[in-house]
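# Analysis of the macromolecular model
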Amino acid sequence: MNIIGRVRGILAIAYFLAIVGLLAAPHFFLILAWHRLARFVGRFDDQARRIRVAAWEVTWANAIFVGVKAILGFEADFHLPPEPQGTPRRPLIVVSNHVSMLDMLLITVLVSKTGRRDLRWIMAEERRRDPFLPWACSKGGSVFVRRDGDPSAKDEVDRCATIADEDGASVVIFPEGTRFRGPKPGSGYTRVLPPRSGGFSILRSRLPDRAVLSITIHWEGRGGGVGLGQVGNYSGRRLVMETRLVGRIDGMSDKDFLDDDFRRKEAVLVQAG
């Protein structure tokens, strides 16, 4: 990372912290306070709170994205999936490759551009240690799962699917389970990690009528594994987010679908360089 990238990275993090600390967090606490008051008089319930928090996430994600993009000076191409005009935007199951700590921000912005402002997330348990945002996400109905085969992970994914079904919300999962930091030896993949189908299969069984939105995140000239403190690496880069909307999965298992989908992602990423 050159000196300009470092400075831009520091400024981007400062902007992020300022927006969250001075604007987004107070707004969030006002939502919770209003919800408690409204619930006391019998006007709102937990579902209403989750929907309000999800809308809060989308609002501030877009505000943060605009500022971070300007500070880092990167280009962004969002290739949205073709959908019939004038039809209701039905909730989705969203799967994506995972390359950096910016991915949740980027996916939120992309999905909101399709007219969907209600997301539930399946996140790694380690994210609970991050300040504020994971707690805010949990108030919106997102869940945290362990990556060591703990049986509770299935229960949490199932709970998230139930919530998403009740709320009419889309749900996002990273089948790789962690950020791509390099290929797994012997996996046959060089730009993604082999997908795990367990969580996706639970979502599919609980939400069988949902279309699947597959997202491929690619930063030109930069690989994966980027944490928040390394966002300066994206200074001056070009971000491309490819999408594929699959209405029905016929003739293959959930595992086969994910394997095929991630082979497609691998091909896109290798071709892009």
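First things first, this report covers the structure right here in the doc. (Residues numbered from 1 in each chain as written. Predicted model: local features only at pLDDT ≥ 70, side-chain atom pairs only at ≥ 80, totals over all residues. Heavy atoms only, no water.)

### Some thoughts on the packing of helix 5 (residues 152-167) against helix 6 (residues 198-206)
Interhelical geometry of helix 5 versus helix 6 gives an angle of 35 degrees and a closest axis separation of 9 Å. Between helix 5 and helix 6 the crossing geometry is right-handed. Counting all contacts with helix 5, which are made through Lys154, Val157, Asp158, Ala161 and Thr162, the residues of helix 6 involved are Gly199, Ile202, Leu203 and Arg206. (Axes fitted to C-alpha atoms, helices over the stretch in contact; angles between N-to-C directions. Helix = DSSP H or I, 4+ residues; strand = E, 2+ residues; numbered from the N terminus. Left-handed = near helix turned anticlockwise from the far one by under 90°. Contact = heavy atoms within 4.5 Å.)

### Observations regarding the side chain of Ser235
Following the sequence through the fold, Ser235 ends up in the loop between strand 6 (211-219) and strand 7 (238-246). For Ser235, the residues in contact, after removing those within four places along its chain, are Gly5, Arg8 and Leu72.

### Describing helix 5
Helix length check: helix 5, at 16 residues, gives a terminal C-alpha distance of 23 Å against a target of 22 Å (1.5 Å per residue), a fit within 8%. Considering only its buried residues, helix 5 is in contact with helix 2 (46-72), strand 3 (119-124), strand 4 (143-145), strand 5 (170-173) and helix 6. Gly168 lies just past helix 5 and shows a positive phi near 65 degrees. (Expected span 1.5 Å × (residues − 1).)

### Description of the state of the cysteines
Simply put, the disulfide is a covalent bond whose two ends are the sulfur atoms of two cysteines. Here the structure, examined in full by the defined rule, presents zero disulfides. For the unlinked cysteine Cys137, the closest cysteine sulfur is that of Cys160, found at 11 Å. (Disulfide = S-S within 2.5 Å.)

### Concerning the nonpolar core
Ranked by internal contacts, the top residues of the largest apolar core, which has 48 residues, are Trp56, Ile107, Ile217, Trp219 and Met241. At the level of elements, helix 1 (3-40), helix 2, strand 2 (92-96), helix 3 (103-113), strand 3, helix 4 (133-139), strand 6 and strand 7 are the ones that each hand at least two residues to this core. In terms of residues, this core owes the most to one element, helix 1, which gives nine residues. Apart from the residues within four sequence positions on either side, Trp56 is in contact with Ala24, His27, Phe28, Ile31, Phe132, Leu133 and Ala136. Within the second largest apolar cluster, 25 residues are counted, among which are Ile122, Val145, Tyr189 and Leu269. (Core = buried A, V, L, I, M, F, W, Y, C linked by side-chain atoms within 4.5 Å. Buried < 20%, exposed > 50% of the residue type's maximum accessible area, 1.4 Å probe, protein only.)

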